[in-house]
Amino acid sequence: MTGTTRLLIGGEWRDAADGATREIRCPADGRPVATVPEATADDALDAVRAARVAFDEGPWPHTPAPERAALLHRLADRLTSEKEEVARLEALDTGKRMVEARLDMDDIISVFRHYAGLAQAEAGRVVDAGMPDVVSRVVHEPVGVCSLITPWNYPLLQTSWKVAPALAAGNTFVLKPSELTPSTAVWLVRTLTEEGLPAGVANLVLGAGDRVGPPLTEAPEVDLVSFTGGLVTGRRIMASAAPTVKRIALELGGKNPNILFADADLDAAIDLALTAIFLDSGQVCSAGSRLIVEESIHDEVVDELVARAARIRLGGPDDEQAETGPLISAGHREKVEAYVAAGVAEGAVLRVGGARPEGAAYDAGFYYLPTILDRCTSAMSCVQEESFGPVLTVETFSGEDRDAAEDAAVALANDTVYGLAGAVWTQNAGRAERVAARLRHGTIWINDYHPYVPQAEWGGFKQSGVGRELGLAGLAEYRETKHVWHNTRPAAQHWFGGPQDGQS
Ligand code: NAD
């Protein structure tokens, strides 16, 4: 193990207290990628305390905003110059294709630049108190110690959505990436340190969530927990942060509807419906996993989707012909298989996929074929629960007139506890706006699927989340807002307990 694949606690690279380690293997082919420490709960607590000391006694919370911004820009510069190397770390941990990993790096660079800009924006404002001797102002301050807990899909991108605003606002943090994909988090904290971030501001804990997670979400020294991951874990974290009333931001899962009206541009809609679900083998929180299609075009749309899904080529990081990659782990593939089996048992029609691909090239990886389950209903578990794999469910709607069709589509699309993202396809601009306004999901694409920009906000309605990331709101999550009332001419008021009779 090299000195830079250890835990980073209070500026020191350390092994786990009990010496435990974990082997990271590429999910595409099983090749060994790294051996990393598996932290203990005590290590996690040490990291929290180091972050506390750095916040309470260190220079970072008081570092001028331009310097904080400059550090974020230097990180973006390093990622630009080391893009190929970092993309490879990410591709080997996740099994995703290099071409995708490189695109992720471009996104991450723009996230760091975005928050570098925001670090200096909105310094605060003066409020007119209506009194000549009073200066009244609203200022922003860092929240304090942040526990940043991230998932295995888009590991460095999800991490950058938390680390960049946390640093921009002047916080200290403990980062815990997914135990399955630690490599780029190691690169990130190492590079921040090399670029001059003071010791103790960035701390890194690697390990399983149930082992190192509780200290990060329960310790009284932690002020904010920002978590991206599954709904069940999110509920647990919310409960464990409650006794100490921490600030909390949760980005959870989605069962995202992709609505196709019969008046859509079907060439584009069908093409993007494939991207919506099969990008990264469906391991995308905003994946368009529920196709909700008008009954009159069902056969045309689904036949075409099935034919094209059957042709999708699977492969690992270096397969330049591959269109999508493996699932992250054996356990995750079993979960996806269970959802497909349950769907079929509940009456869904398996049109394509539903199995592991055959061939020696796939034997050592966790591949699963692009799968379409037709004739689904919203009562089915495969429609309601996140399989987080390459599984598209198809539901249909119809209506006697324009309003009835829209009502039916919207009712299906909103029939979920989730509310992360969704899309509507129609060439009728009025219909597009009407439907988008009624969808209870945090991001809506009209005649598109998946693009996002850091300047816009990201976040879920309903059980998809608490709080927002990106945009201006993303920085607000990491700042406390304080009103300072400065009376420059204090004087006694004599409202209470004034001079007694005979004493004046
Ligand atoms: P997960 O919930 O299993 O794990 C996420 C992180 O939480 C990991 O680092 C894990 O180790 C940690 N963890 C687990 N138990 C914990 C505990 N008790 N205390 C503290 N930390 C704990 O999620 P995953 O399987 O890694 O990621 C997939 C999920 O992430 C999907 O549900 C997906 O929709 C969601 N996701 C959401 C977004 C979004 O923007 N809304 C983005 C990406 C992924």
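To be clear, the structure that these remarks concern was listed above.
This is a predicted model, so every value here is computed, not measured.

Draft legend 1. Spotlight on the overall build of the chain. Scanning the chain from terminus to terminus reveals 16 helices and 20 strands. Taken over C-alpha atoms, the radius of gyration comes to 25 Å for the chain, in line with the 23 Å a tight globule of 504 residues would show. Expressed as lengths along the three principal axes of its C-alpha atoms, the size of the chain is roughly 95 × 60 × 40 Å. Looking at the 504 residues of the chain, the share that counts as buried comes to 55%. Entry remark: accessible area of the chain is about 20,400 Å², with carbon and sulfur atoms responsible for 52%. Both charge centroids of the chain, one from 46 positive and one from 71 negative side chains, sit 3 Å from each other.

Draft legend 2. Here's a closer look at the sheet that holds strand β18 (residues 443–446). Strand order in the open sheet formed by 7 strands is β14-β15-β16-β13-β12-β17-β18, and the pairing between neighbours is mixed. Of all the strands in the sheet, just β14 (349–352) and β18 have a single pairing partner and so form its edges. In this sheet, neighbouring strand axes are inclined to one another by 20° on average, regardless of whether the strands run parallel or antiparallel. In this fold helix α10 (residues 298–310) packs onto β12 (257–260), β13 (290–294), β14, β15 (371–374) and β16 (391–397), with an angle of close to 55° to the strand it touches most, β14. Packed on one face of the sheet, helix α11 (residues 330–345) meets β14, β15 and β16 and runs near 25° to β15.

Draft legend 3. Here's a closer look at the site of the ligand. Around the ligand, a shell composed of 27 residues is seen, among which Thr150, Glu179, Thr233, Leu252 and Glu386 lie nearest. One nitrogen or oxygen atom from the main chain of threonine 150 is found 2.8 Å from an oxygen atom belonging to the ligand. Within the contact set of the ligand, an oxygen atom lies 2.9 Å away from a side-chain nitrogen or oxygen of lysine 176. Contact with the protein chains removes 89% of the 860 Å² of surface that the ligand exposes when unbound. More than half of the atoms of the ligand fall within 2 Å of the grid points belonging to the largest pocket. With 3 residues, helix α8 (residues 231–241) is the largest single contributor of residues to the shell around the ligand.

Draft legend 4. Main features of the sheet that holds strand β5 (residues 124–127). Ordered by their spatial adjacency, 3 strands build an open sheet running β5-β6-β20, and the pairing between neighbours is antiparallel. Strand pairing shows two members of the sheet lacking a second neighbour, β5 and β20 (479–487), which therefore form its edges. The mean angle between the axes of side-by-side strands here comes to 20°, regardless of whether they run parallel or antiparallel. Alignment of β5 against strand β6 (residues 134–142), held across 4 bridges, turns out to be antiparallel. The residue bridging arginine 125 from the neighbouring strand is valine 138, located in β6.

Draft legend 5. Seen up close, empty space enclosed by the protein. Counted according to the given criterion, the structure contains 5 cavities of 30 Å³ or more. Empty space within the largest cavity amounts to approximately 70 Å³. Around the largest cavity sit 14 residues that line it, and Gly254, Gly282, Ser289, Glu386 and Phe388 are the ones nearest its centre. Class assignment of the residues belonging to the lining of the largest cavity gives a composition of 6 nonpolar, 6 polar and 2 charged.

Draft legend 6. Summary view of a negative patch on the surface. A contiguous patch of negative charge, built from Asp265, Asp267, Glu300 and Glu304, is present on the exposed surface. Structurally, the position occupied by aspartate 265 is in the loop between β12 and α9 (266–278). Since its relative accessible area comes to 38%, aspartate 265 is described here as partly exposed.

Draft legend 7. The arrangement of the environment of valine 232 in detail. In this structure, valine 232 sits in helix α8. Spatially, the C-alpha atoms of valine 232 and alanine 28 are 27 Å apart, while their sequence positions differ by 204 residues.

Rules behind the numbers
Residues numbered from 1 in each chain as written. Predicted model: local features only at pLDDT ≥ 70, side-chain atom pairs only at ≥ 80, totals over all residues. Heavy atoms only, no water. Helix = DSSP H or I, 4+ residues; strand = E, 2+ residues; numbered from the N terminus. Rg over C-alpha atoms; globule rule 2.2 N^0.38 Å. Buried < 20%, exposed > 50% of the residue type's maximum accessible area, 1.4 Å probe, protein only. Areas by Shrake-Rupley, 256 points an atom, 1.4 Å probe, with all protein chains shown as cover. Lys, Arg positive; Asp, Glu negative; His and termini not counted. Charge placed at Lys NZ, Arg CZ, Asp CG, Glu CD. Pairing = 2+ DSSP bridges. Axes fitted to C-alpha atoms, helices over the stretch in contact; angles between N-to-C directions. Contact = heavy atoms within 4.5 Å. Near = heavy atom within 4 Å. Polar contact = N/O pair within 3.5 Å; in protein donor to acceptor, adjacent residues only side chain to side chain. 1 Å grid on protein atoms, 1.4 Å probe; cavity = no way out; pocket = protein on both sides within 12 Å on 5 of 7 lines; lining within 4 Å. Sits in = over half its atoms within 2 Å of the grid points. Points joined across faces, edges and corners; volume = space filled by probe spheres on them. Nonpolar A, V, L, I, M, F, W, Y, C, P; charged D, E, K, R; others polar. Patch = residues over 30% accessible without salt bridge, like charges linked within 9 Å, V, L, I, M, F, W, Y side chains within 5 Å. Salt bridge = Lys/Arg side-chain N within 4 Å of Asp/Glu carboxyl O.

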